Amino acid sequence: MNQVSPISIAQITDIHLFGSENHKMLGMPTIKSFQAVVDKLHSLRNEVDLLLLTGNLSGDGNLQSYDNLQNLLNPLQIPAYWLPGNNDCAIAMDNILNMGMISRRKSFERGGWNFILLDSCVPGCRHGYLGAKTLDWLNRELTILGDHPTLVGLHHPPFAVNSPWLDHSSLQNPQELFAVVDRHPQVKLVLFGHIHQEFQRQRGQVHYLGTPSTGLQFRAQSPTLRIDSKYPGFRLLKLYPNGMWETTVERVPYFQPLELVATVS
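For every chain, the first residue of the written sequence is number 1, and numbering continues from 1 onward in sequence order. Given that this is a predicted model, residues contribute local features only at a pLDDT of at least 70 and side-chain atom pairs are listed and counted only at 80 or more, while totals for whole chains, interfaces and linings are drawn from all residues. In computing side-chain properties, one takes all heavy atoms of the structure into account and sets aside hydrogens as well as water.

Peer 1: Provide a residue-level description of the UniProt feature "domain: Calcineurin-like phosphoesterase" (unreviewed entry) in the protein chain, including the pertinent values.
Peer 2: UniProt positions are given in the numbering used here, feature names are shortened, and annotations may be inferred rather than shown by experiment. Feature annotation in UniProt assigns "domain: Calcineurin-like phosphoesterase" (unreviewed entry) to the following positions: residues 8-197. Helix makes up 31% of residues 8-197 and strand 18%, whereas the separation of the span's terminal C-alpha atoms amounts to 21 Å. A run of H or I in DSSP becomes a helix once it reaches four residues, and a run of E becomes a strand once it reaches two; helices and strands are each numbered from the N terminus.

Put into structure tokens, the structure is as follows:
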């Protein structure tokens, strides 16, 4: 191949920042765990070309939570793109997360790859759904953008993860997403968050990747909400212009003295 240099992506998801910096998620000070992730990214700053933020950036949709996010990300000076999660306020995000190195664009090209970011949220609901307008837009973008390798992002997982309490809030119409993706073989990767754990599934030639939260981790394959003792994390990807890719999940040793194995109602 003529060009072998990859573009490096960090996927960050389920930060759950709050308007008040003292607010915690089930006992986890999410602003501190995210700061630990930012510190790790700072050490990788010369190696990371792009940040993809895949939803639940806020835990309460408060305007101040997005200002807090801006203030934490700005020192990295890495271009960042985002999509909303079920806890986010899309209007506030649109107004605030569109300054400096943070962009609200949902379709763009970098490093020989196309990126398309979808809003899978249903107002007032935890579960996800892709409406006809969104699916039509995805199909149109994939048609217009042509055969460059493509990454699609959304918040909600299009697969069950074998945790009944989580699977109730997954994407409710995955087959409609698959129908669009199946028509466009340039789609190589679909990234999502929401599940606070690592997940990988291949369907056809497309790989679907779920990524840990920068805060609390949910225990895998648990019938009820249980907190895992694994560290906060994020995903690194190297995307090559020929469509090949590599990925690792990075964890940061952020310690919080919680009863992390206790059942949470």
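Peer 1: Please give an account of the confidence of the model for the protein chain that cites residues and values.
Peer 2: Counting all residues, the mean pLDDT for the protein chain is 92, and 95% of those residues have values of 70 or more. Low pLDDT, under 50, characterises residues 259-265; the stretch is placed with 14 contacts to residues that sit more than four places away or in other chains. Predictor confidence is given residue by residue as pLDDT, running from a minimum of 0 to a maximum of 100. Here, two residues are considered to be in contact whenever any of their heavy atoms come within 4.5 Å of each other.

Peer 1: Explain the sheet that holds strand S8 (residues 187-192) to me, using residue names and the numbers behind them.
Peer 2: At least two DSSP bridges between two strands are required for those strands to pair. Strand order in this open sheet of 6 strands is S5-S6-S7-S8-S10-S9, and the pairing throughout is mixed. Both outer strands of the open sheet, strand S5 (107-110) and strand S9 (199-203), are each paired with one neighbouring strand and no more. Each strand of the sheet is rotated relative to its neighbour by a mean of 20°, with strand direction disregarded. Bridge count between strand S6 (residues 113-117) and strand S7 (residues 150-153): 4 bridges; the pairing is parallel. Following the sheet pairing, phenylalanine 115 is matched in S7 by leucine 151. Relative to the sheet, helix H4 (residues 132-145) contacts S5, S6, S7 and S8, its axis offset from that of S6 by approximately 170°. Its contacts with the sheet place helix H6 (residues 174-182) against S8, S9 and strand S10 (206-210), and it is angled at close to 140° to S10. Orientation is described by lines fitted to C-alpha atoms, with helices fitted over the stretch in contact, and by angles between N-to-C directions that extend from 0 to 180 degrees.

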